[in-house]
Amino acid sequence: MKLRSLTAAAVAALSSTAMAAPVLAPPAASLSADVQPYIHLPAGQLAIQHLRIIDGTGGAPIEDATLLIDGAKIGAILPAGSAIPAGYRMMDGTGETALPGLVGMHNHLYYLQRPNLDPTGRFEQPIIIPQMTFSAPRLYLANGVTTMRTTGSVETYTDLALKREIDAGHLVGPHIDVTGPYLEGAGAFFIQNHVISDPEDARKEVAFWADQGVNSFKAYMNISRAELGAAIKEAHKHGLKLTGHLCSVTYPEAVALGIDNLEHGFFVNTQLDPGKQPDKCSDGTGTPTLLKMTPGSPEANALIKLLVDHHVAVTSTLPVFAQSVPLHEPLQPRQMDVMTPQAKEAYLFSRNLTASRAGTQRAKDFDQAYKNDLGLERQFVASGGLLIAGPDPTGNGGTIPGFADQRELELLVEAGFSPVEAIKIGTLNGATYLGLADRIGTIAAGKNADLFIVKGNPAANINDVENVIVVFKDGVGYDSAKLLQSVKGRFGQY
Ligand SMILES: [Zn+2]
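Here's a quick rundown of the structure.

So, the packing of helix H13 (residues 403–414) against helix H14 (residues 419–426)
At step 1: H14 packs onto H13 with a crossing angle of 135 degrees between their chain directions and a minimal axis gap of 9 Å. Between H13 and H14, the angle falls in the class oblique. By crossing handedness, the relation of H13 to H14 is classed as right-handed. Residues Leu409, Leu412 and Val413 of H13 lie in contact with H14, whose contacting residues are Pro419, Ala422, Ile423, Ile425 and Gly426.
At step 2: Looking at side-chain class alone, the contact of H13 with H14 contains 7 nonpolar, 1 polar and no charged residues.

Describing the sheet that holds strand E10 (residues 216–219)
At step 1: Read across the sheet, 5 strands follow the order E10-E11-E12-E13-E14 without closing on themselves; strand pairing throughout is parallel. Each having just a single partner strand, E10 and strand E14 (387–389) make up the two edges of the open sheet.
At step 2: Alignment of strand E12 (residues 261–262) against strand E13 (residues 313–316), held across 2 bridges, turns out to be parallel. Of the residues in E13, the one forming a bridge with Asn261 is Ala313.

So, the coordination of the zinc ion
At step 1: Ligation of the zinc ion by protein atoms is provided by His106 (NE2), His108 (NE2) and Asp392 (OD), these donors lying 2.1 to 2.2 Å from the ion.
At step 2: Written as a sequence motif, the donor arrangement for the zinc ion is H-x1-H-x283-D. Like His106, the residue His108 is buried in the burial classification.

Some thoughts on the packing of aromatic side chains
Aromatic ring pairs are defined here through the distance separating the ring centres and the angle between the ring planes.
At step 1: This structure, assessed with the given rule, holds 14 aromatic pairs.
At step 2: With centroids separated by 5.8 Å and ring planes inclined at 90 degrees, the aromatic side chains of Tyr111 and Phe491 adopt a geometry described as edge-to-face. With a gap of 380 residues between them, Tyr111 in the loop between strand E7 (102–104) and helix H2 (135–142) and Phe491 in the segment after helix H16 (480–486) connect regions that are remote in the sequence. As far as the burial class goes, Tyr111 and Phe491 line up, both buried.
At step 3: Measuring from centroid to centroid gives 5.4 Å for Phe134 and Tyr494, while their planes differ by 85 degrees, and the two rings are edge-to-face. Pair noted here: Phe134 is in the loop between E7 and H2 and Tyr494 is in the segment after H16, with a separation of 360 residues, a long-range link.
At step 4: When its relative accessible area of 32% is taken as the criterion, Phe134 is described as partly exposed.
At step 5: Among the residues examined, Tyr494 registers a relative accessible area of 35% and is labelled partly exposed.
At step 6: Of the aromatic side chains, those joined through ring pairs into one cluster are Tyr182, Phe189, Phe190 and Tyr220.

Considerations on the state of the cysteines
At step 1: Taken as a whole and judged by the stated rule, the model has 1 disulfide.
At step 2: Between the sulfur atoms of Cys247 and its disulfide partner Cys281 the distance amounts to 2.0 Å. Between Cys247 and Cys281, the disulfide has an S-S torsion of 80 degrees and is therefore right-handed. Taken as a pair, Cys247 in the loop between strand E11 (241–244) and helix H6 (251–257) and Cys281 in the loop between E12 and helix H7 (287–292) lie far apart in primary sequence, 34 residues in all.

Focus: the sheet that holds strand E8 (residues 145–149)
At step 1: With parallel pairing, the 3 strands of this open sheet are ordered in space as E7-E8-E9. The open sheet has two free edges, formed respectively by E7 and strand E9 (175–177), since each of these has just one partner strand. Along the sheet, successive strands turn relative to each other by an average axial angle of 15 degrees, direction set aside.
At step 2: Here 3 bridges tie E7 to E8, and the two strands are oriented parallel to one another.

Overview of the side chain of Arg52
At step 1: Locating Arg52 in the fold gives a position in strand E2 (residues 45–53).
At step 2: You can call Arg52 buried: its relative accessible area is 18%.
At step 3: Within the structure, the side chain of Arg52 is placed 2.9 Å from the side chain of Glu63, a separation counted as a polar contact.
At step 4: Residues contacting Arg52, with those up to four places away along its chain left out, are Pro61, Ile62, Glu63, Glu96, Thr97, Ala98, Gly456 and Asn457.

Comments concerning the pairing of E8
At step 1: The element E8 is extensively covered by neighbouring structure, given that 5 of its 5 residues are classed as buried.
At step 2: With respect to chirality, the unit in which E7 leads through H2 into the neighbouring parallel E8 is right-handed.
At step 3: Taken together, the 3 bridges between E8 and E9 define a ladder with parallel strand orientation. Bridged to Met148 within E9 is Ile176.
At step 4: Taken together, E8, helix H3 (residues 156–167) and E9 form a β-α-β motif whose crossover is right-handed.

Conventions used here
- Residues numbered from 1 in each chain as written.
- Predicted model: local features only at pLDDT ≥ 70, side-chain atom pairs only at ≥ 80, totals over all residues.
- Heavy atoms only, no water.
- Axes fitted to C-alpha atoms, helices over the stretch in contact; angles between N-to-C directions.
- Helix = DSSP H or I, 4+ residues; strand = E, 2+ residues; numbered from the N terminus.
- Parallel < 35°, antiparallel > 145°, perpendicular 65-115°, else oblique.
- Left-handed = near helix turned anticlockwise from the far one by under 90°.
- Contact = heavy atoms within 4.5 Å.
- Nonpolar A, V, L, I, M, F, W, Y, C, P; charged D, E, K, R; others polar.
- Pairing = 2+ DSSP bridges.
- Donors = N, O, S within 2.8 Å, 3.2 Å for Na, K, Ca; no water.
- Buried < 20%, exposed > 50% of the residue type's maximum accessible area, 1.4 Å probe, protein only.
- Phe/Tyr/Trp six-rings, centres within 6.5 Å; stacked < 30°, edge-to-face > 60°.
- Disulfide = S-S within 2.5 Å.
- Polar contact = N/O pair within 3.5 Å; in protein donor to acceptor, adjacent residues only side chain to side chain.
- Right-handed = clockwise from strand over helix to strand, strands pointing away.

What follows is the structure, given as C-alpha coordinates:
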(Lines give C-alpha, C1' and ligand atoms only; values in the text may rest on other atoms or scores of the structure.)
Protein backbone atom coordinates (compact mmCIF):
# COMPACT_ATOMS: atom_id res chain seq x y z
CA MET A 1 0.00 0.00 0.00
CA LYS A 2 1.32 3.43 -0.91
CA LEU A 3 1.17 5.97 1.89
CA ARG A 4 -0.46 9.22 1.06
CA SER A 5 -0.39 12.31 3.22
CA LEU A 6 -3.18 12.11 5.76
CA THR A 7 -4.81 14.90 7.66
CA ALA A 8 -4.14 14.98 11.39
CA ALA A 9 -7.75 13.96 12.00
CA ALA A 10 -7.42 10.93 9.73
CA VAL A 11 -4.25 9.85 11.48
CA ALA A 12 -5.96 10.19 14.85
CA ALA A 13 -8.93 8.14 13.62
CA LEU A 14 -6.61 5.42 12.32
CA SER A 15 -4.66 5.11 15.54
CA SER A 16 -7.61 5.36 17.91
CA THR A 17 -9.59 2.52 16.37
CA ALA A 18 -8.53 -1.11 16.28
CA MET A 19 -7.18 -2.49 13.00
CA ALA A 20 -10.43 -4.41 12.37
CA ALA A 21 -11.43 -4.30 8.72
CA PRO A 22 -15.19 -4.60 8.21
CA VAL A 23 -16.57 -7.90 6.93
CA LEU A 24 -17.74 -6.07 3.81
CA ALA A 25 -14.87 -3.90 2.61
CA PRO A 26 -15.60 -1.35 -0.11
CA PRO A 27 -15.04 -2.85 -3.59
CA ALA A 28 -11.37 -2.92 -4.58
CA ALA A 29 -10.34 -0.06 -6.86
CA SER A 30 -8.75 -2.54 -9.26
CA LEU A 31 -8.32 -6.30 -9.53
CA SER A 32 -4.83 -7.73 -9.92
CA ALA A 33 -3.42 -9.91 -12.69
CA ASP A 34 -3.88 -12.87 -10.33
CA VAL A 35 -7.62 -12.20 -10.14
CA GLN A 36 -8.26 -11.25 -13.80
CA PRO A 37 -8.21 -14.81 -15.25
CA TYR A 38 -11.24 -15.72 -13.14
CA ILE A 39 -13.41 -12.80 -14.18
CA HIS A 40 -16.22 -13.77 -16.51
CA LEU A 41 -17.97 -10.38 -16.54
CA PRO A 42 -16.24 -7.20 -15.36
CA ALA A 43 -18.28 -4.77 -13.27
CA GLY A 44 -20.47 -2.55 -15.41
CA GLN A 45 -24.06 -2.02 -16.44
CA LEU A 46 -25.69 -5.38 -17.06
CA ALA A 47 -29.29 -6.23 -17.90
CA ILE A 48 -30.04 -9.94 -17.53
CA GLN A 49 -33.42 -10.67 -19.09
CA HIS A 50 -35.84 -13.59 -18.71
CA LEU A 51 -34.27 -14.50 -15.40
CA ARG A 52 -35.94 -16.21 -12.44
CA ILE A 53 -35.02 -14.50 -9.17
CA ILE A 54 -35.12 -16.16 -5.75
CA ASP A 55 -34.59 -13.04 -3.70
CA GLY A 56 -33.62 -14.60 -0.34
CA THR A 57 -36.64 -13.33 1.63
CA GLY A 58 -38.31 -16.74 1.56
CA GLY A 59 -40.99 -15.51 -0.85
CA ALA A 60 -42.01 -17.11 -4.15
CA PRO A 61 -39.55 -16.69 -7.03
CA ILE A 62 -39.98 -13.73 -9.37
CA GLU A 63 -40.43 -15.20 -12.86
CA ASP A 64 -39.19 -13.75 -16.14
CA ALA A 65 -37.62 -10.69 -14.53
CA THR A 66 -34.90 -8.39 -15.79
CA LEU A 67 -32.07 -7.89 -13.30
CA LEU A 68 -30.13 -4.66 -13.65
CA ILE A 69 -26.64 -4.59 -12.16
CA ASP A 70 -25.06 -1.15 -11.85
CA GLY A 71 -21.39 -1.52 -11.04
CA ALA A 72 -21.07 -2.93 -7.54
CA LYS A 73 -24.80 -2.56 -6.78
CA ILE A 74 -28.06 -4.11 -7.83
CA GLY A 75 -29.84 -1.46 -9.92
CA ALA A 76 -33.36 -2.83 -10.19
CA ILE A 77 -35.56 -5.87 -10.69
CA LEU A 78 -37.86 -5.08 -13.61
CA PRO A 79 -40.97 -7.09 -14.56
CA ALA A 80 -41.10 -8.97 -17.87
CA GLY A 81 -41.47 -6.72 -20.89
CA SER A 82 -40.07 -3.59 -19.21
CA ALA A 83 -38.02 -1.23 -21.35
CA ILE A 84 -34.30 -1.51 -20.59
CA PRO A 85 -32.62 1.83 -19.95
CA ALA A 86 -29.94 2.73 -22.49
CA GLY A 87 -26.32 1.75 -21.95
CA TYR A 88 -26.82 -1.70 -20.46
CA ARG A 89 -25.11 -4.78 -21.80
CA MET A 90 -27.98 -7.18 -22.52
CA MET A 91 -27.81 -10.83 -21.53
CA ASP A 92 -30.32 -13.66 -21.75
CA GLY A 93 -31.10 -15.54 -18.53
CA THR A 94 -33.67 -17.92 -19.98
CA GLY A 95 -33.70 -21.15 -17.95
CA GLU A 96 -31.53 -19.61 -15.28
CA THR A 97 -32.11 -18.47 -11.69
CA ALA A 98 -30.38 -15.78 -9.64
CA LEU A 99 -29.94 -16.26 -5.88
CA PRO A 100 -28.30 -14.02 -3.27
CA GLY A 101 -24.69 -14.94 -2.56
CA LEU A 102 -24.53 -17.53 0.20
CA VAL A 103 -23.50 -16.26 3.62
CA GLY A 104 -21.56 -19.23 5.00
CA MET A 105 -21.57 -19.04 8.77
CA HIS A 106 -19.42 -22.09 9.62
CA ASN A 107 -16.84 -22.13 6.88
CA HIS A 108 -13.24 -22.93 7.72
CA LEU A 109 -10.14 -22.16 5.65
CA TYR A 110 -8.31 -25.35 6.54
CA TYR A 111 -8.13 -29.13 6.18
CA LEU A 112 -8.08 -31.57 9.10
CA GLN A 113 -5.15 -33.98 8.85
CA ARG A 114 -5.03 -37.27 10.76
CA PRO A 115 -1.42 -38.44 10.33
CA ASN A 116 -0.94 -41.94 8.90
CA LEU A 117 -4.68 -42.68 8.90
CA ASP A 118 -5.33 -46.31 7.96
CA PRO A 119 -8.47 -48.12 6.75
CA THR A 120 -9.35 -49.18 10.32
CA GLY A 121 -9.53 -45.53 11.36
CA ARG A 122 -6.27 -45.59 13.33
CA PHE A 123 -4.01 -42.58 13.03
CA GLU A 124 -1.13 -41.06 14.91
CA GLN A 125 -1.11 -37.93 17.03
CA PRO A 126 -0.98 -35.04 16.79
CA ILE A 127 -3.93 -34.11 14.60
CA ILE A 128 -2.72 -31.20 12.49
CA ILE A 129 -4.69 -28.48 10.75
CA PRO A 130 -2.99 -27.33 7.52
CA GLN A 131 -4.20 -24.09 5.96
CA MET A 132 -6.15 -24.19 2.68
CA THR A 133 -5.46 -20.53 2.02
CA PHE A 134 -5.18 -21.12 -1.73
CA SER A 135 -7.97 -23.58 -2.45
CA ALA A 136 -10.70 -22.85 0.10
CA PRO A 137 -11.48 -19.23 -0.92
CA ARG A 138 -11.74 -20.31 -4.57
CA LEU A 139 -13.97 -23.27 -3.69
CA TYR A 140 -16.29 -21.03 -1.69
CA LEU A 141 -16.59 -18.33 -4.32
CA ALA A 142 -16.94 -20.83 -7.19
CA ASN A 143 -19.91 -22.41 -5.42
CA GLY A 144 -21.82 -19.21 -4.69
CA VAL A 145 -20.48 -18.25 -1.25
CA THR A 146 -19.83 -14.49 -1.39
CA THR A 147 -19.50 -13.93 2.38
CA MET A 148 -18.18 -16.38 4.96
CA ARG A 149 -17.22 -16.58 8.61
CA THR A 150 -14.14 -18.66 9.43
CA THR A 151 -15.76 -19.80 12.72
CA GLY A 152 -12.49 -20.65 14.48
CA SER A 153 -9.05 -20.06 13.08
CA VAL A 154 -5.71 -21.81 13.41
CA GLU A 155 -3.35 -19.48 11.55
CA THR A 156 -5.20 -16.32 12.44
CA TYR A 157 -2.57 -13.96 11.03
CA THR A 158 -2.77 -15.86 7.73
CA ASP A 159 -6.55 -15.54 7.61
CA LEU A 160 -6.33 -11.82 8.40
CA ALA A 161 -3.75 -11.34 5.64
CA LEU A 162 -5.88 -13.36 3.20
CA LYS A 163 -8.87 -11.14 3.93
CA ARG A 164 -6.76 -8.02 3.42
CA GLU A 165 -5.42 -9.32 0.10
CA ILE A 166 -8.88 -10.30 -1.17
CA ASP A 167 -10.37 -6.96 -0.08
CA ALA A 168 -7.52 -5.12 -1.82
CA GLY A 169 -8.22 -6.98 -5.09
CA HIS A 170 -4.92 -8.89 -5.03
CA LEU A 171 -6.43 -12.35 -4.51
CA VAL A 172 -9.70 -14.01 -5.48
CA GLY A 173 -12.19 -15.04 -2.80
CA PRO A 174 -15.30 -14.09 -0.82
CA HIS A 175 -15.82 -11.43 1.83
CA ILE A 176 -14.50 -12.86 5.08
CA ASP A 177 -15.46 -12.53 8.73
CA VAL A 178 -12.22 -13.65 10.37
CA THR A 179 -12.87 -15.46 13.64
CA GLY A 180 -10.10 -15.46 16.23
CA PRO A 181 -8.29 -18.61 17.37
CA TYR A 182 -10.42 -21.25 19.07
CA LEU A 183 -10.91 -20.20 22.69
CA GLU A 184 -10.08 -23.52 24.28
CA GLY A 185 -8.90 -24.97 27.57
CA ALA A 186 -6.85 -28.13 28.12
CA GLY A 187 -7.93 -31.12 26.01
CA ALA A 188 -8.16 -29.65 22.51
CA PHE A 189 -8.16 -32.39 19.88
CA PHE A 190 -5.71 -30.59 17.59
CA ILE A 191 -2.36 -29.23 18.62
CA GLN A 192 -2.23 -25.68 17.22
CA ASN A 193 -4.15 -24.08 20.06
CA HIS A 194 -3.29 -21.72 22.84
CA VAL A 195 -4.58 -23.38 26.02
CA ILE A 196 -6.55 -20.89 28.11
CA SER A 197 -5.50 -21.14 31.75
CA ASP A 198 -8.03 -18.94 33.56
CA PRO A 199 -10.65 -16.20 32.99
CA GLU A 200 -8.06 -13.42 32.84
CA ASP A 201 -6.15 -15.38 30.19
CA ALA A 202 -9.41 -15.72 28.19
CA ARG A 203 -10.00 -11.98 28.47
CA LYS A 204 -6.43 -11.20 27.38
CA GLU A 205 -6.63 -13.51 24.37
CA VAL A 206 -9.85 -11.89 23.19
CA ALA A 207 -8.50 -8.36 23.75
CA PHE A 208 -5.29 -9.18 21.83
CA TRP A 209 -7.02 -10.63 18.78
CA ALA A 210 -9.67 -7.91 18.75
CA ASP A 211 -6.79 -5.44 18.48
CA GLN A 212 -5.28 -7.51 15.65
CA GLY A 213 -8.50 -7.05 13.71
CA VAL A 214 -10.53 -10.25 13.94
CA ASN A 215 -14.26 -9.83 13.32
CA SER A 216 -15.64 -12.47 15.70
CA PHE A 217 -14.76 -15.14 18.26
CA LYS A 218 -15.52 -18.79 18.87
CA ALA A 219 -15.32 -20.75 22.11
CA TYR A 220 -14.58 -24.46 21.99
CA MET A 221 -15.31 -27.71 23.75
CA ASN A 222 -13.13 -27.46 26.86
CA ILE A 223 -13.66 -23.96 28.20
CA SER A 224 -14.95 -23.25 31.73
CA ARG A 225 -18.02 -21.14 32.44
CA ALA A 226 -15.89 -18.45 34.08
CA GLU A 227 -13.51 -18.35 31.08
CA LEU A 228 -16.40 -18.24 28.61
CA GLY A 229 -18.07 -15.46 30.58
CA ALA A 230 -14.85 -13.41 30.60
CA ALA A 231 -14.36 -13.96 26.85
CA ILE A 232 -17.94 -12.93 25.99
CA LYS A 233 -17.66 -9.80 28.12
CA GLU A 234 -14.40 -8.75 26.46
CA ALA A 235 -15.66 -9.51 22.93
CA HIS A 236 -18.76 -7.42 23.53
CA LYS A 237 -16.61 -4.60 24.88
CA HIS A 238 -14.96 -4.54 21.43
CA GLY A 239 -18.33 -4.67 19.68
CA LEU A 240 -17.71 -8.24 18.47
CA LYS A 241 -19.89 -11.34 18.69
CA LEU A 242 -18.94 -14.72 20.10
CA THR A 243 -20.19 -18.13 19.09
CA GLY A 244 -19.39 -21.56 20.52
CA HIS A 245 -19.00 -25.22 19.67
CA LEU A 246 -19.57 -26.19 23.27
CA CYS A 247 -19.38 -29.28 25.43
CA SER A 248 -17.99 -28.33 28.87
CA VAL A 249 -20.59 -25.53 29.02
CA THR A 250 -24.23 -26.43 28.30
CA TYR A 251 -26.49 -24.39 26.03
CA PRO A 252 -28.53 -22.91 28.93
CA GLU A 253 -25.32 -22.03 30.78
CA ALA A 254 -23.91 -20.30 27.70
CA VAL A 255 -27.15 -18.38 27.16
CA ALA A 256 -26.98 -17.16 30.75
CA LEU A 257 -23.41 -15.95 30.09
CA GLY A 258 -24.61 -13.89 27.10
CA ILE A 259 -23.36 -15.94 24.12
CA ASP A 260 -24.55 -14.72 20.69
CA ASN A 261 -24.63 -17.93 18.67
CA LEU A 262 -24.37 -21.71 19.12
CA GLU A 263 -22.74 -23.94 16.51
CA HIS A 264 -23.87 -27.36 15.27
CA GLY A 265 -27.62 -27.09 15.69
CA PHE A 266 -28.66 -29.08 18.75
CA PHE A 267 -25.94 -31.73 18.45
CA VAL A 268 -23.49 -30.46 21.06
CA ASN A 269 -25.70 -29.43 23.98
CA THR A 270 -24.67 -31.53 26.99
CA GLN A 271 -27.30 -30.44 29.52
CA LEU A 272 -28.88 -33.93 29.83
CA ASP A 273 -25.74 -36.01 29.22
CA PRO A 274 -25.26 -38.65 31.96
CA GLY A 275 -22.29 -37.97 34.22
CA LYS A 276 -21.95 -34.35 33.03
CA GLN A 277 -19.67 -32.50 35.46
CA PRO A 278 -19.71 -28.70 35.61
CA ASP A 279 -17.03 -27.16 33.35
CA LYS A 280 -16.06 -30.57 31.94
CA CYS A 281 -16.88 -32.00 28.54
CA SER A 282 -19.02 -35.16 28.84
CA ASP A 283 -18.19 -38.47 27.14
CA GLY A 284 -21.33 -38.24 25.03
CA THR A 285 -20.48 -34.70 23.78
CA GLY A 286 -24.21 -33.99 23.49
CA THR A 287 -25.60 -37.06 21.69
CA PRO A 288 -27.38 -38.42 24.82
CA THR A 289 -29.01 -35.02 25.36
CA LEU A 290 -30.18 -34.87 21.76
CA LEU A 291 -31.61 -38.41 21.99
CA LYS A 292 -33.69 -37.38 25.01
CA MET A 293 -34.69 -33.99 23.62
CA THR A 294 -37.29 -35.00 21.08
CA PRO A 295 -38.92 -32.08 19.23
CA GLY A 296 -41.95 -30.79 21.14
CA SER A 297 -40.85 -32.36 24.44
CA PRO A 298 -40.95 -30.11 27.53
CA GLU A 299 -37.12 -30.01 27.57
CA ALA A 300 -37.00 -28.96 23.90
CA ASN A 301 -39.71 -26.35 24.34
CA ALA A 302 -37.93 -24.81 27.33
CA LEU A 303 -34.56 -24.67 25.58
CA ILE A 304 -35.98 -23.18 22.39
CA LYS A 305 -37.92 -20.55 24.35
CA LEU A 306 -34.70 -19.65 26.20
CA LEU A 307 -32.74 -19.28 22.94
CA VAL A 308 -35.44 -17.22 21.23
CA ASP A 309 -36.00 -14.99 24.28
CA HIS A 310 -32.26 -14.22 24.44
CA HIS A 311 -31.87 -13.77 20.66
CA VAL A 312 -29.24 -16.50 20.43
CA ALA A 313 -28.73 -17.64 16.84
CA VAL A 314 -28.17 -21.32 16.06
CA THR A 315 -25.93 -22.49 13.21
CA SER A 316 -27.11 -25.53 11.28
CA THR A 317 -24.12 -27.60 10.08
CA LEU A 318 -25.87 -30.63 8.62
CA PRO A 319 -23.28 -31.74 6.00
CA VAL A 320 -20.63 -32.57 8.60
CA PHE A 321 -23.12 -34.64 10.63
CA ALA A 322 -24.61 -36.35 7.58
CA GLN A 323 -21.11 -37.81 7.09
CA SER A 324 -21.67 -39.86 10.26
CA VAL A 325 -24.92 -41.41 9.01
CA PRO A 326 -24.01 -44.83 7.55
CA LEU A 327 -24.59 -45.06 3.80
CA HIS A 328 -25.04 -41.31 3.47
CA GLU A 329 -24.74 -39.88 -0.01
CA PRO A 330 -21.14 -40.16 -1.29
CA LEU A 331 -19.18 -37.17 -2.51
CA GLN A 332 -19.85 -36.37 -6.15
CA PRO A 333 -17.10 -36.70 -8.79
CA ARG A 334 -16.90 -32.89 -9.05
CA GLN A 335 -15.97 -32.81 -5.36
CA MET A 336 -13.50 -35.69 -5.54
CA ASP A 337 -11.86 -33.86 -8.46
CA VAL A 338 -10.67 -30.97 -6.29
CA MET A 339 -9.13 -33.21 -3.62
CA THR A 340 -5.59 -34.53 -3.41
CA PRO A 341 -5.19 -38.32 -3.79
CA GLN A 342 -4.42 -38.49 -0.05
CA ALA A 343 -7.52 -36.49 0.88
CA LYS A 344 -9.65 -38.79 -1.32
CA GLU A 345 -8.13 -41.85 0.35
CA ALA A 346 -8.73 -40.50 3.86
CA TYR A 347 -12.33 -39.69 2.95
CA LEU A 348 -12.94 -43.17 1.53
CA PHE A 349 -11.42 -44.88 4.59
CA SER A 350 -13.77 -42.88 6.78
CA ARG A 351 -16.78 -43.49 4.56
CA ASN A 352 -16.16 -47.24 4.54
CA LEU A 353 -15.83 -47.29 8.33
CA THR A 354 -19.11 -45.42 8.75
CA ALA A 355 -20.78 -47.80 6.30
CA SER A 356 -19.49 -50.80 8.25
CA ARG A 357 -21.38 -49.52 11.30
CA ALA A 358 -24.77 -49.66 9.56
CA GLY A 359 -27.32 -51.46 11.73
CA THR A 360 -25.32 -51.20 14.97
CA GLN A 361 -26.80 -49.56 18.06
CA ARG A 362 -24.33 -46.71 17.71
CA ALA A 363 -25.50 -46.07 14.14
CA LYS A 364 -29.17 -46.30 15.13
CA ASP A 365 -28.61 -43.84 17.98
CA PHE A 366 -26.87 -41.40 15.70
CA ASP A 367 -29.60 -41.74 13.11
CA GLN A 368 -32.19 -40.89 15.77
CA ALA A 369 -30.11 -37.99 17.08
CA TYR A 370 -29.82 -36.64 13.53
CA LYS A 371 -33.60 -36.85 13.08
CA ASN A 372 -34.18 -35.12 16.42
CA ASP A 373 -31.84 -32.31 15.38
CA LEU A 374 -33.75 -31.75 12.14
CA GLY A 375 -36.99 -31.52 14.08
CA LEU A 376 -35.45 -29.14 16.63
CA GLU A 377 -34.06 -26.89 13.89
CA ARG A 378 -37.54 -26.70 12.36
CA GLN A 379 -39.13 -26.03 15.77
CA PHE A 380 -36.54 -23.32 16.47
CA VAL A 381 -37.39 -21.51 13.21
CA ALA A 382 -41.14 -21.95 13.73
CA SER A 383 -40.70 -20.38 17.18
CA GLY A 384 -39.02 -17.29 15.74
CA GLY A 385 -35.38 -18.34 16.23
CA LEU A 386 -32.64 -17.14 13.88
CA LEU A 387 -31.24 -20.26 12.18
CA ILE A 388 -28.09 -19.63 10.13
CA ALA A 389 -26.10 -22.14 8.11
CA GLY A 390 -22.63 -23.40 7.27
CA PRO A 391 -21.22 -26.83 6.46
CA ASP A 392 -18.13 -27.05 8.78
CA PRO A 393 -15.37 -28.28 6.48
CA THR A 394 -13.76 -30.68 6.74
CA GLY A 395 -14.77 -32.95 9.65
CA ASN A 396 -13.99 -36.51 8.58
CA GLY A 397 -12.76 -35.21 5.24
CA GLY A 398 -16.10 -35.42 3.45
CA THR A 399 -17.26 -31.83 3.89
CA ILE A 400 -15.69 -29.84 1.07
CA PRO A 401 -15.78 -26.00 1.06
CA GLY A 402 -18.45 -24.49 -1.18
CA PHE A 403 -19.89 -27.78 -2.40
CA ALA A 404 -20.94 -28.47 1.18
CA ASP A 405 -22.57 -25.03 1.44
CA GLN A 406 -24.86 -26.13 -1.38
CA ARG A 407 -25.33 -29.50 0.34
CA GLU A 408 -26.44 -27.66 3.50
CA LEU A 409 -29.35 -26.14 1.54
CA GLU A 410 -30.28 -29.56 0.16
CA LEU A 411 -30.20 -31.12 3.64
CA LEU A 412 -32.35 -28.30 5.04
CA VAL A 413 -34.92 -29.18 2.37
CA GLU A 414 -34.67 -32.85 3.34
CA ALA A 415 -35.28 -31.65 6.91
CA GLY A 416 -38.64 -30.23 5.84
CA PHE A 417 -37.93 -26.60 4.95
CA SER A 418 -39.17 -25.43 1.56
CA PRO A 419 -36.41 -24.61 -0.92
CA VAL A 420 -36.97 -20.84 -0.63
CA GLU A 421 -36.93 -21.11 3.19
CA ALA A 422 -33.67 -23.06 3.06
CA ILE A 423 -32.18 -20.40 0.76
CA LYS A 424 -33.26 -17.67 3.19
CA ILE A 425 -31.53 -19.53 6.03
CA GLY A 426 -28.37 -19.70 3.92
CA THR A 427 -28.45 -16.05 2.82
CA LEU A 428 -30.60 -13.42 4.57
CA ASN A 429 -30.40 -15.05 8.01
CA GLY A 430 -26.60 -15.03 7.99
CA ALA A 431 -26.59 -11.42 6.83
CA THR A 432 -29.02 -10.57 9.61
CA TYR A 433 -26.77 -12.15 12.23
CA LEU A 434 -23.79 -10.19 10.89
CA GLY A 435 -25.79 -6.94 11.00
CA LEU A 436 -25.39 -6.61 7.22
CA ALA A 437 -28.92 -7.34 6.02
CA ASP A 438 -29.23 -3.81 4.63
CA ARG A 439 -26.38 -4.58 2.17
CA ILE A 440 -26.29 -8.33 1.44
CA GLY A 441 -28.44 -11.44 1.90
CA THR A 442 -31.23 -10.61 -0.56
CA ILE A 443 -31.52 -9.52 -4.18
CA ALA A 444 -33.03 -6.05 -4.06
CA ALA A 445 -32.40 -2.67 -5.66
CA GLY A 446 -29.62 -0.76 -3.94
CA LYS A 447 -28.03 -3.78 -2.30
CA ASN A 448 -24.55 -5.03 -3.11
CA ALA A 449 -24.39 -7.08 -6.30
CA ASP A 450 -23.38 -10.23 -4.39
CA LEU A 451 -25.36 -13.01 -6.06
CA PHE A 452 -25.00 -16.11 -8.20
CA ILE A 453 -26.72 -17.51 -11.24
CA VAL A 454 -27.48 -21.18 -11.73
CA LYS A 455 -28.98 -23.22 -14.52
CA GLY A 456 -32.42 -24.56 -13.56
CA ASN A 457 -34.86 -23.72 -10.80
CA PRO A 458 -33.78 -24.35 -7.20
CA ALA A 459 -37.24 -23.34 -5.95
CA ALA A 460 -38.58 -26.50 -7.61
CA ASN A 461 -35.46 -28.67 -7.29
CA ILE A 462 -33.02 -27.50 -4.65
CA ASN A 463 -30.20 -29.56 -6.19
CA ASP A 464 -30.13 -27.00 -8.99
CA VAL A 465 -28.10 -24.76 -6.65
CA GLU A 466 -25.18 -26.95 -7.75
CA ASN A 467 -25.37 -25.73 -11.37
CA VAL A 468 -23.47 -22.51 -10.82
CA ILE A 469 -22.60 -20.51 -13.93
CA VAL A 470 -21.35 -17.19 -12.59
CA VAL A 471 -20.89 -15.68 -9.14
CA PHE A 472 -21.09 -11.90 -8.71
CA LYS A 473 -19.22 -10.24 -5.86
CA ASP A 474 -19.48 -6.44 -5.77
CA GLY A 475 -20.81 -6.60 -9.33
CA VAL A 476 -17.83 -8.53 -10.74
CA GLY A 477 -18.90 -11.84 -12.28
CA TYR A 478 -16.52 -14.71 -11.50
CA ASP A 479 -16.28 -17.84 -13.63
CA SER A 480 -17.23 -20.78 -11.45
CA ALA A 481 -15.75 -23.46 -13.74
CA LYS A 482 -12.41 -21.68 -14.06
CA LEU A 483 -12.12 -21.26 -10.30
CA LEU A 484 -12.79 -24.97 -9.79
CA GLN A 485 -10.33 -25.93 -12.51
CA SER A 486 -7.64 -23.87 -10.74
CA VAL A 487 -7.86 -25.99 -7.57
CA LYS A 488 -8.18 -29.39 -9.19
CA GLY A 489 -6.38 -31.95 -7.01
CA ARG A 490 -5.28 -29.30 -4.51
CA PHE A 491 -7.74 -29.45 -1.63
CA GLY A 492 -5.87 -31.09 1.24
CA GLN A 493 -2.52 -29.75 0.01
CA TYR A 494 -2.76 -25.94 0.16
ZN1 LIG B 1 -16.07 -26.16 12.83
